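Each chain, written out:
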Amino acid sequence: SWTILPAETGLIAAKQGVFPSIFGRINKHGAPAEALTITSMCIQLFMFTFLITDQAYQFVASLVSSVVIITYIFVTMYQVKFSYQQPKGRQRTIQLVIGLVATAFQIWAFVSAGLKFMLLLTLLFVPGIFVYIKAQKEQHQRHFFSPIEKIVVALIFIGSLFAIYFLATGTITI
């Protein structure tokens, strides 16, 4: 499952046009060979880190937890948006309150994870931005990001520069 599930996710994302087409190529046996190869290489790289440090797993688990928190922030914000668009009434109010409380909690959890993980997460998002841009170019899109998304991308790049600087100076460690 470490290999097949991420490869299948890449395959589906490529079919939807949000991943480069290489992830969507199927071999004569019906398997996404390139996606499996890329996924396997990433997994092997991660496994190789165990030879370097015994804390690699804990570090990656913490990073993944922070990524999940970001996902949940967007889920809860969507609940707020969706609830707000519903007809006024008791059910709307309840769902809106739940969404607002959940969003506040997720933001608190993200901030509580600490600046270290927030900055290091930007290093993980930068390659994803380039993967997304490549996929959009393959779809012949001329504009990759909305104005708000451009601001978020700029903040991610700025955060990644700070992360690299802090890593290089030893201010934050892995």
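The model shown is predicted, which means the values in this text are computed figures rather than measured ones.

Chemist: Would you mind going over helix α4 (residues 90-113) in detail, with residue names and values included?
Modeler: Given a rise of 1.5 Å per residue, 24 residues ought to cover 34 Å, and the 35 Å separating the end C-alpha atoms of α4 matches this to within 8%. Turning to α4, its buried residues are Arg92, Leu96, Gly99, Thr103, Gln106, Ala109 and Phe110. Residues of α4 that are buried make contact with α3 (56-84) and α5 (115-138). Once α4 ends, the next one or two residues include Gly114, with phi positive near 105°.

Chemist: Could you give an account of the nonpolar core, with specific residues and numbers?
Modeler: Core analysis: the largest hydrophobic core is formed by 11 residues, namely Phe59, Leu63, Ile69, Ile70, Ile73, Ala109, Phe110, Phe117, Leu120, Leu121 and Ile172. For this core, the secondary structure elements donating two or more residues are α3, α4 and α5. It is α3 that contributes the most residues to this core, 5 residues altogether. Look past the residues within four positions of Phe59 in its chain and what remains in contact with it is Lys116, Phe117, Leu120 and Ile174. One finds Val126, Ile133, Val153 and Ile156 within the second-largest nonpolar core, a separate group that totals 6 residues.

Chemist: For the side chain of Gln106, give the residues involved together with the corresponding values.
Modeler: Tracing the chain through its elements places Gln106 in helix α4. Residue Gln106 is classed as buried on the basis of its relative accessible area, which comes to 12%. Those residues within four positions of Gln106 in sequence are excluded, and the remaining contacts are Ile69, Tyr72, Ile73 and Thr76.

The rules behind each value
- Residues numbered from 1 in each chain as written.
- Predicted model: local features only at pLDDT ≥ 70, side-chain atom pairs only at ≥ 80, totals over all residues.
- Heavy atoms only, no water.
- Helix = DSSP H or I, 4+ residues; strand = E, 2+ residues; numbered from the N terminus.
- Expected span 1.5 Å × (residues − 1).
- Buried < 20%, exposed > 50% of the residue type's maximum accessible area, 1.4 Å probe, protein only.
- Contact = heavy atoms within 4.5 Å.
- Core = buried A, V, L, I, M, F, W, Y, C linked by side-chain atoms within 4.5 Å.

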